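Next come the chains, spelled out residue by residue.
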Amino acid sequence: MTLEEVCDILEAEVVAGGNLCDIEIRTACGADLMSDVLAFSKSGAVLLTGLTNVHVIRTCEMVELAAICFVRGKRPPEETVRLAAADGLPLLMTGLPMFEACGRLYGRGLRGCSENGR
Amino acid sequence: MPSTRITKTQEMVYEMKVGEVMTRQVITVRPDVPMSRLRGILRQNRISGLPVLDGQRLVGLISLEDFIKWLADRAEDGPIRQRMTQHLEKVSEDDPLVLAVGKFDKSGLGRLPVVDRNDPTKLLGILTKGDVIEGLLKKLEIDYQQEQIRRHRTAHVFFEDVQADRTALVLQYDVKGQDFGQAGASSSRLKQTLHRLGVGPNLVRRVAIASFEAEMNLVVFTSGGTLRAKIQPETLLLEAADSGPGIADIACALEPGYSTAPDWVRELGFGAGMGLPNIRKSCDRFEIDSALGKGTRLTASFFVNENFHDIS
């Protein structure tokens with residue numbers, strides 16, 4: 001699905017990188033532990049997280065994630081948005097809690113990072 | 001002095017020859033074929049005009065326009081010879097494309113016969129605007145592919161081009177301790193550099209993960225240190241070194257989930273005891289040396305061989 005569809009499903013607000021909403025998203029992961037993101041995520045995935053500091057952006061840059069969605073209505077600080085914009089990484093923000101956000105996306109066909117081989 | 005920017009397409013129409021893009025398999029018609037049969041010929045071949053050949057000689061061009069004119073005139077049926085265009089704009093095989101484009105523009109014609117330079121009645125092919133466009137697009141695609149291959153190669157022959165008995169490129173980054181704001185920035189720079197050197201994406205990713213975790217360790221636990229990537233034709237060594245405080249129990253530190261990180265670090269999404277295990281998991285060989293009060297030296301080796309050329 002496209003990032004725009006992800007946005008619709010999560011009733012999310014685009015915080016940065018609105019011009020990248022047509023990118024294709026196939027997998028997602030939910031984590032607040034950046035080491036887990038480093039260890040288990042797949043490049044091109046969208047990350048759902050409750051953390052909003054700049055290290056989330058740096059972590060995503062390392063493993064080439066496609067986008068980040070902050071859950072439970074957490075608005076990322078200015079610094080985070082700025083770094084994401086510089087990296088060309090789209091940021092979303094949803095009011096849904098982590099579990100529900102993940103559930104909605106999974107229910108609509110988005111797969112996890114350990115699925116689909118590759 | 002006004003500078004005119006020449007586009008790639010403009011450059012191409014000067015460089016390319018008519019012969020490169022023209023259609024060689026030409027459908028032709030004899031001059032004695034009646035006009036009433038023309039519609040069928042055009043429709044069958046899905047064309048809007050064709051050269052008229054008398055034996056082997058090019059004598060004219062007949063098009064849909066001529067046919068419509070014939071209909072409008074309500075003229076009697078007769079041989080194509082009577083209605084065809086005889087004064088022809090022609091081009092030669094070795095003419096630059098720009099000449100043909102100019103002729104299309106000036107005359108409004110849909111097609112130009114391509115003839116032998118020494119014998120203007122000898123038909124070699126036909127050139128339509130569609131041929132020109134298709135030819136340009138194909139050339140662009142080929143150029144694009146070659147450019148891709150060239151870039152790819154430049155990256156890959158980097159080490160093959162370096163003539164030495166032993167080659168190593170060392171990239172060193174100084175990491176400040178306790179400066180969480182900048183943490184990760186060195187790994188970011190290392191990663192971009194490896195990309196530019198043409199290291200395969202899979203290897204870059206593995207090195208980036210290891211380097212990021214190592215950098216976090218330097219920031220969180222030490223008063224600073226260095227991160228070094230030593231790139232050799234066969235291996236890539238990632239080394240993180242600091243001068244204290246050292247790891248009390250290395251075996252424990254290597255256990256996933258074992259952590260001595262303070263809470264503030266955990267709140268930032270790190271310090272869950274996955275750092276060293278992650279580094280170990282992403283590299284091919286892992287070595288760590290530590291002495292309390294003296295410091296820690298961590299070396300992660302990545303075997304380049306196949307991976308370096310891996311572009312998947």
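As a reminder, the structure under discussion sits directly above these lines.
No experiment lies behind these values; they were computed from the predicted model shown. (Residues numbered from 1 in each chain as written. Chains lettered and ligands numbered in written order. Predicted model: local features only at pLDDT ≥ 70, side-chain atom pairs only at ≥ 80, totals over all residues. Heavy atoms only, no water.)

**Focus: the packing of aromatic side chains**
Okay, so step 1: Under the definition given, this model contains 4 aromatic pairs over all chains.
Okay, so step 2: Both rings, one in F67 of chain B and one in W70 of chain B, keep their centres 5.5 Å apart while their planes meet at 45 degrees; by these two values the pair is tilted. Of this pair, F67 of chain B and W70 of chain B both sit in helix 4 (residues 64-72), 3 residues apart, which is roughly one turn of that helix. W70 of chain B shares its class with F67 of chain B; the two are buried.
Okay, so step 3: When the ring of F180 of chain B is compared with that of F270 of chain B, the centres are 6.3 Å apart and the planes differ by 65 degrees; the resulting orientation is edge-to-face. One end of the pair, F180 of chain B, is in the loop between strand 6 (169-176) and helix 8 (185-196); the other, F270 of chain B, is in the loop between helix 11 (263-267) and helix 12 (275-282), and 90 residues separate them in sequence.
Okay, so step 4: A relative accessible area of 8% means that F180 of chain B is categorised as buried.
Okay, so step 5: Judged by relative accessible area, F270 of chain B falls into the buried class, the value being 3%.
Okay, so step 6: Grouped by ring-pair contacts, the aromatic residues F180, F212, W264 and F270 of chain B constitute a single cluster.
Okay, so step 7: Geometry around Y106 of chain A places R111 of chain A over its ring, the cationic atom sitting 4.0 Å from the centre. (Phe/Tyr/Trp six-rings, centres within 6.5 Å; stacked < 30°, edge-to-face > 60°. Helix = DSSP H or I, 4+ residues; strand = E, 2+ residues; numbered from the N terminus. Buried < 20%, exposed > 50% of the residue type's maximum accessible area, 1.4 Å probe, protein only. Lys NZ or Arg CZ within 6 Å of the ring centre and 35° of its normal.)

**A closer look at helix 4 of chain B**
All names here are of chain B.
Okay, so step 1: When helix 4 is considered as a whole, its buried residues turn out to be D66, F67 and W70. Projection of helix 4 onto a plane perpendicular to its axis shows the buried side chains occupying an angular sector of 100 degrees, all on one side. Opposite the buried face of helix 4, by more than 90 degrees, sit the exposed residues E65 and A72.
Okay, so step 2: On the buried face of helix 4, the contacting elements are helix 3 (38-45) and strand 2 (57-63).
Okay, so step 3: Among the residues trailing helix 4, R74 stands out with phi positive, at a value near 50 degrees. (Arc of directions from axis to C-beta. Contact = heavy atoms within 4.5 Å.)

Interpretation note: all reported values are geometric properties and have no functional meaning in isolation.
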